[in-house]
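# Descriptive structure summary
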Amino acid sequence: MGALSTLTISLSHHCIKTSKTHLQKSLLNLSNFENFNNATNSQYHHYQSRRTLILDSVSESVKLNRLSDSDSGIVEVNLNRPGARNAIGKDLLRGLKDSFEVISKDSTANVVLITSSVPKVFCAGADLKERRMMSASEIHFFVNSLRSTFSFLETLGIPTIAVIEGAALGGGLEMALACDLRICGEDAVLGLPETGLAIIPGAGGTQRLPRLVGNSVAKELIFTGRKIGGREAMSIGLVNYCVPASEAQLKALEVAREINQKGPIAIRMAKKAISEGFEIDMASAFELEEECYIQTLHTNDRLEGLAAFAEKRKPKYTGA
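Computed from a prediction, not measured in an experiment: that's the story for all the values here.

## Observations concerning the confidence of the model for the protein chain
- For the protein chain, mean pLDDT is 86; residues scoring 70 or higher make up 82% of the total.
- Every residue in residues 1-41 scores below 50 in pLDDT, and together they form 71 contacts with partners more than four places removed in sequence or on other chains.

See below:
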């Protein structure tokens, strides 16, 4: 593999540092990832070799990476707040918001992975220590901002995959619910425990969970605040895959690669047709499907797909 160049874009004052500091942070980020992923060395190094150092550093708690070579359409939003188990405070929320906005403007991005560098935790939910210092009006504003950020994530034009190892609780699970797909390890712990704090899930949990697992199951989980493991999450349809502990990242990468090989315009139109069509009546949904299908007709990628099929070769899609 040839040498890879690293693009670093400054989005906050945290990024105004020397190139030496960027390199040190990048190596630390990769080291954290290695500690997190206990899969076989050969599998890990294969992943690492296709992962750039830092594409964007948007906050101290969130890193935005781009995979390289044939995986260049895959972008990774990496949560890295080990001292607080990736709890969602102001800095992490700002990092998520900035990351999603960058991705939304990147025409070369085809699929997003949301991962964690912190062992045994995806995201533990709200930063309750920070929240204790907020007034009721400040909490209201913060939760509204969190809800709108997750809604923005949900409406990104490309597929999003939550990679869950360990705890995904409260706002952490609500973030995963806003993704298109969820992949977890067997040791994952998922739940919406807010009623135990005399509040309710406020960042979309009361709406997205029942749409995913059904009204009755969602009510039981939210009323009781019960936490469930990876296998049960799989059985009720909360996650798409449950794999052995520490292998969720590799499974997610496998799925992302499959998506990345498909026609980018087709993937975007498929997501639009499914997501928007689900919320309207069937007749209107069929009209939406037709509109989305038409968008794929007059593309070079459609012609390339037909040519590749006829020539018995792998298509080379460009998103045009």
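Let us keep going from here.
## Here's the deal with the sheet that holds strand β10 (residues 189-191)
- Ordered in space as β6-β8-β10-β11, the 4 strands form an open sheet in which the pairing is mixed. Each edge of the open sheet is held by one strand with a lone partner, namely β6 (121-123) and β11 (228-229).
- One ladder, built from 2 bridges, connects β10 with β11; its direction is antiparallel. Along β11, the bridge assignment pairs leucine 190 with isoleucine 228.

## Observations regarding a negative patch on the surface
- Together, Asp281, Glu287, Glu289, Glu290 and Glu291 give the surface a local cluster of negative charge.
- When you line up the elements, glutamate 290 lands in helix α12 (residues 282-297).

## Details of the side chain of glutamate 165
- Inspection of the secondary structure assignment puts glutamate 165 in the loop between β7 (160-164) and β8 (167-169).
- Although glutamate 165 lies buried, it forms no salt bridge, and the closest oppositely charged side chain, lysine 120, sits 10 Å away as judged by the N-O distance.
- Only 3.0 Å separates the side chain of glutamate 165 from the backbone nitrogen of serine 246, close enough to count as a polar contact.
- In terms of polar contacts, glutamate 165 uses its side chain to reach the backbone amide nitrogen of alanine 248, at 2.8 Å.

## Quick look at the state of the cysteines
- All told, the structure shown has 0 disulfides when counted by the stated rule.
- Looking at cysteine 184, it has no disulfide partner, and the nearest cysteine sulfur is the one in cysteine 242, 4.0 Å off.

## What to know about helix α3 (residues 90-104)
- Here α3 spans 21 Å end to end across 15 residues, near enough to the 21 Å set by a 1.5 Å rise per residue.
- Those residues of α3 lying buried are Asp91, Leu92, Leu93, Gly95, Leu96, Asp98, Ser99, Phe100 and Ile103.
- Buried residues in α3 make contact with β3 (62-66), β4 (74-79), β5 (111-116), α5 (136-154) and α6 (171-177).

## Focus: the environment of isoleucine 259
- The topology assignment puts isoleucine 259 in helix α10 (residues 248-260).
- Overall, the relative accessible area of 16% leaves isoleucine 259 in the buried class.
- As for isoleucine 259 and isoleucine 74, which are separated by 185 residues in sequence, their C-alpha atoms are 9.3 Å apart.

## Points about the pairing of β3
- For β3, a buried count of 5 out of 5 residues is recorded, marking the element as mostly surrounded by other parts of the structure.
- Going residue by residue along β3, you find Val62, Leu64 and Arg66 tucked away on one face and Lys63 and Asn65 tucked away on the opposite face as well.
- Pairing geometry for β3 and β4, over 5 bridges, is antiparallel. Its bridge partner lying in β4, leucine 64 is registered against valine 77.

## Describing the packing of aromatic side chains
- Scanning all chains against the criterion turns up 0 aromatic pairs.
- Sitting over the ring of tyrosine 241, lysine 251 keeps its end group 4.4 Å from the ring centre.

## A word on the environment of alanine 245
- Structurally, alanine 245 is set in the loop between β12 (241-243) and α10.
- The class of alanine 245 is partly exposed, set by a relative accessible area of 37%.
- The sequence separation of alanine 245 and glutamate 165 amounts to 80 residues, and the corresponding C-alpha distance is 7.1 Å.
- What alanine 245 contacts, discounting residues up to four positions off in sequence, is Glu165, Gly185, Glu186 and Asp187.

## Points about a nonpolar patch on the surface
- Together, Leu128, Leu197 and Ile199 make up an exposed nonpolar region whose accessible area comes to about 270 Å².
- Tracing the sequence through the fold places isoleucine 199 in the loop between β10 and α7 (205-213).

## Describing the pattern of salt bridges
- Going through the model one piece at a time under the given rule, you end up with 15 salt bridges.
- Between arginine 257 and aspartate 71 there is a salt bridge; the shortest N-O distance is 3.0 Å. Separated by 186 residues along the polypeptide, arginine 257 in helix α10 and aspartate 71 in the loop between β3 and β4 bring together distant segments of the chain.
- Glutamate 304 is the partner of arginine 313 in a salt bridge, and the nearest nitrogen-oxygen pair spans 2.6 Å.
- On the accessibility criterion, glutamate 304 (16% relative accessible area) is buried.

## Considerations on unusual backbone geometry
- Its identity is not glycine, yet asparagine 86 carries a phi of approximately 60°, on the positive side.
- If you trace the backbone, asparagine 86 turns up in the loop between β4 and α3.
- Residue asparagine 86 is classed as buried on the basis of its relative accessible area of 0%.
- Unusually for a residue other than glycine, alanine 198 sits at a positive phi of about 65°.
- Within the secondary structure, alanine 198 sits in the loop between β10 and α7.

About the criteria used
- Residues numbered from 1 in each chain as written.
- Predicted model: local features only at pLDDT ≥ 70, side-chain atom pairs only at ≥ 80, totals over all residues.
- Heavy atoms only, no water.
- pLDDT = per-residue confidence, 0-100.
- Contact = heavy atoms within 4.5 Å.
- Pairing = 2+ DSSP bridges.
- Helix = DSSP H or I, 4+ residues; strand = E, 2+ residues; numbered from the N terminus.
- Patch = residues over 30% accessible without salt bridge, like charges linked within 9 Å, V, L, I, M, F, W, Y side chains within 5 Å.
- Areas by Shrake-Rupley, 256 points an atom, 1.4 Å probe, with all protein chains shown as cover.
- Salt bridge = Lys/Arg side-chain N within 4 Å of Asp/Glu carboxyl O.
- Lys, Arg positive; Asp, Glu negative; His and termini not counted.
- Charge placed at Lys NZ, Arg CZ, Asp CG, Glu CD.
- Buried < 20%, exposed > 50% of the residue type's maximum accessible area, 1.4 Å probe, protein only.
- Polar contact = N/O pair within 3.5 Å; in protein donor to acceptor, adjacent residues only side chain to side chain.
- Disulfide = S-S within 2.5 Å.
- Expected span 1.5 Å × (residues − 1).
- Phe/Tyr/Trp six-rings, centres within 6.5 Å; stacked < 30°, edge-to-face > 60°.
- Lys NZ or Arg CZ within 6 Å of the ring centre and 35° of its normal.

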